[in-house]
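# A look at the structure
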Amino acid sequence: MYDSFYDRLSNGFTGYDWWLIIVLSLVAALIMRKWPQWPAAAAIMFMVDAVAPFFYRWAIGVPPNFAFDFAFSRLDERGGVVVLLRLAIYFVLIGAIFFSKRRIGER
């Protein structure tokens with residue numbers, strides 16, 4: 001059971017996924033001004049993460065229907081655990097970056 005769970009999680013993230021998560025989290029944390037904006041920032045960046053592959057594939061010449069299938073399957077084929085983990089990672093990264101920004105900014 002745990003082997004398949006670990007395999008699903010490790011196969012659920014590619015280099016492109018990690019790059020996108022880190023960049024979007026950094027942007028969201030830098031835009032945030034107060035802690036109550038944290039859930040909205042994480043939700044917005046998660047939505048951007050969900051639609052970014054569609055626009056990327058469409059921009060490089062893939063027809064829209066195939067680009068949409070790719071973007072949707074990226075979130076669907078690996079299971080709901082990976083999708084929920086993506087949102088949790090956004091919360092953690094944005095919170096950590098914003099906390100660091102506030103601590104460094106106070107000095």
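If you're wondering where the values come from, they're calculated on a predicted model, not measured in any experiment. (Residues numbered from 1 in each chain as written. Predicted model: local features only at pLDDT ≥ 70, side-chain atom pairs only at ≥ 80, totals over all residues. Heavy atoms only, no water.)

## Structural notes on the overall build of the chain
Regarding its fold elements, the chain presents five helices and zero strands. The buried share of the chain, taken over its 107 residues, is 31%. Long-range contacts, defined as pairs at least 24 residues apart, comprise 79% of the intrachain contacts of the chain with a sequence gap of at least 6. (Helix = DSSP H or I, 4+ residues; strand = E, 2+ residues; numbered from the N terminus. Buried < 20%, exposed > 50% of the residue type's maximum accessible area, 1.4 Å probe, protein only. Contact = heavy atoms within 4.5 Å.)

## Structural notes on the packing of helix 2 (residues 15-31) against helix 3 (residues 38-59)
Relative to each other, helix 2 and helix 3 sit at 135 degrees, their axes nearing to 10 Å. With respect to helix 3, the axis of helix 2 lies oblique. Helix 2 and helix 3 meet at a crossing whose hand is right-handed. Contact residues: helix 2 offers Tyr16, Leu20, Ile21, Leu24 and Ala28, while helix 3 offers Ala41, Met45, Val48, Asp49, Ala52, Pro53 and Tyr56. Here the contact of helix 2 with helix 3 is composed, by residue class, of 11 nonpolar, no polar and one charged. (Axes fitted to C-alpha atoms, helices over the stretch in contact; angles between N-to-C directions. Parallel < 35°, antiparallel > 145°, perpendicular 65-115°, else oblique. Left-handed = near helix turned anticlockwise from the far one by under 90°. Nonpolar A, V, L, I, M, F, W, Y, C, P; charged D, E, K, R; others polar.)

All we've got here are geometric facts, nothing functional implied.
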